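Residues per chain are reported as follows:
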Amino acid sequence: MSSADVGHTHFDFAHLSGRDKYKLIIGTVIPRPIALVTTVDENGIVNAAPFSFFNALSGDPAIVAIGVENKANVDFKDTGRNIRVTEQFTVNIVDDAMVEAMNICAVPFPPDVDELEMAGLTAVPGVHVGCPRILQSPASLECKRYLTLAVGKSREIILGEVVGAFIRSDSVDPTNKHVDQARMQAVGRLGGHDYASTKDQFTLPTISLEDWITKLKNKNMATEWEP
Ligand SMILES: Cc1cc2nc3c(=O)[nH]c(=O)nc-3n(C[C@H](O)[C@H](O)[C@H](O)COP(=O)(O)O)c2cc1C
């Protein structure tokens, strides 16, 4: 059977439960990077929690986004609450060596528990923000809240502007800003409790229009639309 014969199963999101929409989204939008987000409350108590509704949305200004689902009783998660109060957060990228510690940070501890201590991770004071970064993380992005979107009654999408970055020195060239992605060993989240590593990488340069036209001509194919 060819892949064309398999067909696709259609889901009308208007007729799906919240849980089913969630399952289809996290199962299909893969892999999602993981932000281990550090924040502090108004008393300086540190909080850390992982978020895989996370991505970079813009380079300049440098904007990242996290999607925070509030608790079932619509109380804020500590991360969402702390960002409301301080308007700051730090995204710590999760690598292979940090996955177990990251998972401990997802335990729903009471607000006064320091997840970093529980997970054996080391807090380093922030430079541009009041929240700490995580020493073990290959890269940390210090962010100031840029915009918060209330999405339905239970979710917030928080955009942060990156105001400073710390990248492990063996993984970045400070002159040309090239990041050695193989050394980063970043981990992505799949559906359910599954994860993906970034060990299997490949390069695929973007094709210029000129190169594409040359390719077609080499194959003796017409290019009526050639500029
Ligand atoms: C890999 C991973 C990704 C997660 N992604 C999200 C997410 O995108 N949004 C969310 O609200 N919770 C997410 N969670 C659950 C939170 O980390 C969890 O609710 C945590 O206890 C919240 O902590 P806080 O109350 O200290 O902010 C994720 C958990 C794991 C393990």
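Just so it is clear, the structure is predicted and the values come from calculations on it, not from any experiment.

**Side note on the site of the ligand**
- Taken together, 17 residues lie near the ligand, and Ala 49, Phe 53, Lys 77, Asp 78 and Thr 79 sit nearest.
- Within the residue set of the shell around the ligand, elements represented by two or more residues are strand 3 (46–51), strand 5 (63–69) and helix 3 (78–86).
- Among the elements that take part in the shell around the ligand, strand 3 stands out by supplying 4 residues, more than any other.
- In the shell around the ligand, the residues fall into 8 nonpolar, 5 polar and 4 charged.

**Notes on unusual backbone geometry**
- A cis amide bond links Ile 30 to the next residue, Pro 31, at an omega of -15°.
- Positionally, Pro 31 belongs in the loop between helix 2 (18–28) and strand 1 (32–33).
- Here the bond from Asp 60 into Pro 61 is cis, since omega is 5°, no more than 30 degrees from zero.
- You can see Pro 61 is positioned in the loop between strand 4 (54–58) and strand 5.
- Of note, Lys 177 is a non-glycine position whose phi angle comes to about 65°, a positive value.
- Tracing the backbone through its elements, the reader meets Lys 177 in the loop between strand 10 (155–167) and helix 6 (181–184).
- The exposure class assigned to Lys 177 is exposed, which follows from the 9 C-beta atoms found within 10 Å.
- Of note, the phi angle at Asn 220 is positive, near 60°, even though the residue is not glycine.
- Inspection of the secondary structure assignment puts Asn 220 in the segment after helix 7 (209–218).
- Since 6 C-beta atoms lie within 10 Å of it, Asn 220 is described here as exposed.

**Focus on the sheet that holds strand 12 (residues 195–197)**
- If you trace the 3 strands from one edge of the open sheet to the other, you get 1-11-12, paired in antiparallel fashion. With partners counted over all chains shown, the strands left at the sheet margins are strand 1 and strand 12, one partner each.
- Relative to strand 12, strand 11 (residues 187–189) runs antiparallel, the two sharing 3 bridges. When the sheet's bridge partners are listed, Val 187 is paired in strand 12 with Ser 197.

**A look at the environment of Leu 159**
- As for its position among the elements, Leu 159 is in strand 10.
- The class of Leu 159 is partly exposed, set by 17 C-beta atoms lying within 10 Å.
- A sequence separation of 67 residues divides Leu 159 from Asn 92, and the C-alpha atoms of the two residues are 15 Å apart.

**Section: the pairing of strand 4**
- Alignment of strand 4 against strand 5, held across 4 bridges, turns out to be antiparallel. What sits directly across from Phe 54, in strand 5, is Ile 66.
- Hairpin connection from strand 4 to strand 5: 4 residues lie between these consecutive antiparallel strands.

**As for helix 3**
- Listing the buried residues of helix 3 in full gives Asp 78, Thr 79, Gly 80, Asn 82 and Ile 83.
- In this fold, the buried residues of helix 3 make contact with strand 2 (35–40), strand 3, strand 5, strand 6 (88–93), strand 9 (139–151) and strand 10.
- A positive backbone phi angle near 60° is found at Glu 87, which sits one or two residues after helix 3.

**Re the pairing of strand 6**
- Within strand 6, 6 of the 6 residues are buried, leaving the element largely enclosed by the surrounding structure.
- Here 4 bridges tie strand 2 to strand 6, and the two strands are oriented antiparallel to one another. Among the inter-strand pairings, Thr 38 is bridged to a residue of strand 6, identified as Thr 90.

Rules behind the numbers
- Residues numbered from 1 in each chain as written.
- Predicted model: local features only at pLDDT ≥ 70, side-chain atom pairs only at ≥ 80, totals over all residues.
- Near = placed C-beta within 6 Å.
- Helix = DSSP H or I, 4+ residues; strand = E, 2+ residues; numbered from the N terminus.
- Nonpolar A, V, L, I, M, F, W, Y, C, P; charged D, E, K, R; others polar.
- Buried ≥ 20, exposed ≤ 12 C-beta atoms within 10 Å, placed from the backbone.
- Pairing = 2+ DSSP bridges.
- Contact = placed C-beta atoms within 7 Å.

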